[in-house]
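# Descriptive structure summary
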Amino acid sequence: MSMNLDEIVDIFDILGDWDQRYQYLVELGEKLPPMPEELKTEENKVKGCMSQVWVHPYRDEEHPERIHFHGDCDTSIIKGVLALLIQLVDGKTAEEIQQLDVDEFFSRLKLDEHLSPNRHFGIYALVELMKKQVADLQ
């Protein structure tokens, strides 16, 4: 399910406190469709992340200019952030995905205030891998 950043910010605003927001992230991660095991390769693994995170793009069969992602993570909060990022870019074109601004994502959701610097670094690495993979699809 694709969402834009404004929709995600609205949900976070409705949730109010960070306990509810963390719970929402955990639930999002739990709803992430299973990633095929054969896609959990070194080239799909996010380097520089404390968690084990994999992400893999694939083209929409009916609209090949549109891209979707498989993803998985071994920690619940980061898996939820991964699910949010996938929702944010789902069905977008390569050009639209390349324009994703991680700093805007962090600041609008106030993640920069509530995730450790190591987690921050890992999420930047995740988005950079997603962008590289999309560029490689071209």
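In this text the structure is predicted, and so the values were computed from the model without any measurement. (Residues numbered from 1 in each chain as written. Predicted model: local features only at pLDDT ≥ 70, side-chain atom pairs only at ≥ 80, totals over all residues. Heavy atoms only, no water.)

### Details of the overall build of the protein chain
Inclusion rule: Every helix listed is a DSSP run of H or I at least four residues long, and every strand listed is a run of E at least two residues long, numbered separately from the N terminus. Our radius of gyration looks at C-alpha atoms and nothing else; its globule reference is 2.2 Å times the residue count to the power 0.38. Exposure is judged per residue with a 1.4 Å probe applied to protein chains only, and the accessible area is read against the type maximum: over 50% gives exposed, under 20% gives buried, and values in between give partly exposed. Residue contacts are defined here by distance: any two heavy atoms, one from each residue, within 4.5 Å place the two residues in contact. All accessible-area figures derive from a Shrake-Rupley calculation using a 1.4 Å probe, and residue coverage is judged against the displayed protein chains alone. A positive count includes Lys and Arg, and a negative count includes Asp and Glu. His and the chain ends are not counted in either. By convention, the point assigned to a charge is CZ for Arg, NZ for Lys, CD for Glu and CG for Asp.
Each helix and strand counted, the protein chain has 7 helices and 2 strands in total. Secondary structure elements in the protein chain, listed N-terminal to C-terminal, are α-α-β-β-α-α-α-α-α. Since a compact globule built from 138 residues should have a radius of gyration of about 14 Å, the 14 Å found for the protein chain is in line with a globular shape. Relative to its 138 residues, the protein chain shows a buried fraction of 46%. For the protein chain, contacts bridging at least 24 residues in sequence account for 60% of all contacts bridging at least 6. Taken as a whole, the protein chain presents about 7400 Å² of accessible surface, with 51% of it coming from carbon and sulfur. On the protein chain, the mean spot of the 14 positive side-chain charges and the mean spot of the 28 negative ones are 3 Å from each other.

### Here's the deal with the pattern of salt bridges
Applicable threshold: Salt bridges are counted wherever a side-chain nitrogen of Lys or Arg sits within 4 Å of a carboxyl oxygen of Asp or Glu.
Inspection of every chain in the model, using the stated rule, returns 8 salt bridges. In this structure, E42 and K47 form a salt bridge, with 3.7 Å as the shortest nitrogen-oxygen distance. A single network of salt bridges, built from pairs that share partners, joins E37, K40, D72 and K79.

### Concerning the UniProt feature "domain: Fe-S metabolism associated" (unreviewed entry) in the protein chain
We count it as follows: UniProt positions are given in the numbering used here, feature names are shortened, and annotations may be inferred rather than shown by experiment.
Mapped onto this numbering, the UniProt entry gives "domain: Fe-S metabolism associated" (unreviewed entry) at residues 11-133. The annotated region residues 11-133 carries 54% helix and 11% strand content, and the separation between its end C-alpha atoms amounts to 29 Å.

### Some details on the nonpolar core
Quick note on the threshold: Only buried residues count toward a nonpolar core, which is a set of Ala, Val, Leu, Ile, Met, Phe, Trp, Tyr and Cys residues joined through side-chain atoms within 4.5 Å.
Judged by nonpolar contacts, the single largest core of 43 residues is most densely connected at F69 and F105. Only α1 (5-15), α2 (18-31), β1 (53-59), β2 (67-73), α3 (76-89), α4 (94-98), α5 (102-109) and α7 (117-137) provide two or more residues apiece to this core. In terms of residues, this core owes the most to one element, α3, which gives 9 residues.

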